[in-house]
Amino acid sequence: MWAMIATWRMALEGVSEAGKLLQEGKSSGEAIEHAIRCVEDFPYYKSVGYGGLPNEEMVVELDAGYMDGSTMAMGAVAGIKDFANPISIAKDLSKDTVNCVLVAEGAEKYASKKGFERKTMLTDRAKIHYRKRIKLLKEEELKPYDGHDTVGEVALDSQGKIVAGTSTSGLFMKKAGRIGDSPIVGGGFYADSEVGGATATGLGEDLMKGCISYEIVRKMKEGLSPQEACQKTVNELDAKLKKSRGFAGDLSVVAIDKDGNFGCATNIKNFSFVVYRQGEEPIVYLANPVGNQTEIYPASQEWMDNYMKERIVPIEE
Ligand code: SD4
């Protein structure tokens, strides 16, 4: 049995291709890397890789994480500039036992030495978004973008290995040097091949407070289904944040277990995610919070048609 789950509709094309790799017997590590690279390479996704929106100094700083749930190997890069595929660098870093998490210049030096592809990641389209936002915020203090579209994925291969990975440009207009949950093991991603894997998207500062991906896997280990584990974890963190300081940032999570069952929970409207399992077609789901539960249903054709149209619509200064 193989299976993949990923945050946001933008993962669909990559997951569709990666599922074929899993069907051919390739490993979950290869599937994750391939699927996430597809998102990183697509210029119209504004929050991952090429085309990602910049920080407040108009610099694109990227974060990525990778974990192999069979060996517990883990690698991550944070605040890395001008490399095409941060996920591949994170995966490469996971092969070592030390120096597995590198930031900024150190990460760039490593990637350069290892021959990873350099690329100017700030696109003209991203510059227009930046200038528009600056115009809009002229009189106000800069605030981070409150949309969130980190790609986080978990794959189970037919050998039973579970791998989790993430890639993001983080929050639009973030401070230089700011990193979120995506390169933080246990925060943005976690995998344990004996149990399952989970990954998160949303406000990194809040997701990290709950060690949210680890917590979901921990609950699955205790016997909860992926759906129960996702829901309970989001509910608990959401409630705790609201109780302690009055509000909770966006929290959305997906998970699969070692048998390919999946779960998703969110505290925002219309969170989309992708599931592809052996013997099925890839499916895009929409998730919405209803009381303490998450209502999950396949996205309509109309929603799917509008999605790509909205992404590629021409923008003007
Ligand atoms: C972060 N969790 O850097 C990420 C944001 C996200 O698209 O999901 N962005 O906090």
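Residues numbered from 1 in each chain as written. Predicted model: local features only at pLDDT ≥ 70, side-chain atom pairs only at ≥ 80, totals over all residues. Heavy atoms only, no water.

(A) Examining the pairing of strand β3 (residues 74–80) more closely. Summarising burial for β3: 7 of the 7 residues are buried, a large majority. Bridging between strand β2 (residues 62–68) and β3 involves 5 bridges; their strand directions are antiparallel. Residue pairing across strands places leucine 62 opposite isoleucine 80, the latter belonging to β3. Between the end of β2 and the start of β3, which pair antiparallel, lie 5 residues, with methionine 72 showing a positive phi angle near 65°. In this sheet, strand β4 (residues 101–103) lies alongside β3 in parallel orientation, the contact comprising 3 bridges. Looking at β4, one finds that valine 77 is bridged to leucine 102. In this region the chain leaves β3, passes through helix α3 (residues 86–93) and returns to the parallel neighbour β4; the handedness of that crossover is left-handed. (Buried < 20%, exposed > 50% of the residue type's maximum accessible area, 1.4 Å probe, protein only. Helix = DSSP H or I, 4+ residues; strand = E, 2+ residues; numbered from the N terminus. Pairing = 2+ DSSP bridges. Right-handed = clockwise from strand over helix to strand, strands pointing away.)

(B) Expanded view of the sheet that holds strand β10 (residues 262–266). An order of β7-β8-β9-β10 is seen for the 4 strands of this open sheet, with the pairing classed as antiparallel. In the strand order of this sheet, the two ends are held by β7 (189–192) and β10, each with one partner. For this sheet the average axis-to-axis angle between neighbouring strands, irrespective of direction, equals 10°. The pairing of strand β9 (residues 251–257) with β10 spans 5 bridges and is antiparallel. Bridging from a neighbouring strand, alanine 255 pairs with glycine 263 of β10. (Axes fitted to C-alpha atoms, helices over the stretch in contact; angles between N-to-C directions.)

(C) Summary view of the site of the ligand. Inspection of the region around the ligand gives 14 residues, with Asp149, Thr150, Arg178, Asp181 and Thr201 positioned closest. Between the ligand and aspartate 149 there is a distance of 2.5 Å, counted from an oxygen atom to a backbone nitrogen or oxygen. For the ligand, a nitrogen atom lies 2.9 Å from a polar atom in the backbone of glycine 202. By residue class, the composition of the shell around the ligand is 1 nonpolar, 10 polar and 3 charged. (Near = heavy atom within 4 Å. Polar contact = N/O pair within 3.5 Å; in protein donor to acceptor, adjacent residues only side chain to side chain. Nonpolar A, V, L, I, M, F, W, Y, C, P; charged D, E, K, R; others polar.)

(D) Examining the sheet that holds strand β11 (residues 271–277) more closely. With mixed pairing, the 9 strands of this open sheet are ordered in space as β4-β3-β2-β6-β5-β1-β11-β12-β13. Among the strands making up the open sheet, the edge pair consists of β4 and β13 (293–298). In this sheet, adjacent strand axes meet at a mean angle of 15° when their direction is disregarded. Pairing between β11 and strand β12 (residues 283–290): 5 bridges, direction antiparallel. Within the sheet, the bridge partner assigned to valine 274 lies in β12 and is valine 284. Its contacts with the sheet place α3 against β2, β3, β4 and β6 (162–168), and it is angled at close to 140° to β3. (Contact = heavy atoms within 4.5 Å.)

(E) Structural detail: the pattern of salt bridges. Applying the stated criterion across every chain, the model contains 22 salt bridges. Residue glutamate 13 is joined to arginine 9 by a salt bridge in which the shortest nitrogen-to-oxygen separation is 2.9 Å. Using a relative accessible area of 35% as the deciding quantity, one classes glutamate 13 as partly exposed. Owing to a relative accessible area of 5%, arginine 9 belongs among the buried residues under this scheme. Arginine 218 serves as the salt-bridge partner of glutamate 215, at 2.9 Å between the closest nitrogen and oxygen. In this pair, glutamate 215 and arginine 218 are both assigned in helix α7 (residues 212–221), 3 residues apart and thus about one turn of the helix distant. Using a relative accessible area of 18% as the deciding quantity, one classes glutamate 215 as buried. Under the relative-accessibility criterion, arginine 218 is labelled partly exposed at 29%. Here the salt bridges do not stand alone but share partners, grouping Glu215, Arg218, Lys219, Glu222, Lys232 and Glu236 into one network. (Salt bridge = Lys/Arg side-chain N within 4 Å of Asp/Glu carboxyl O.)

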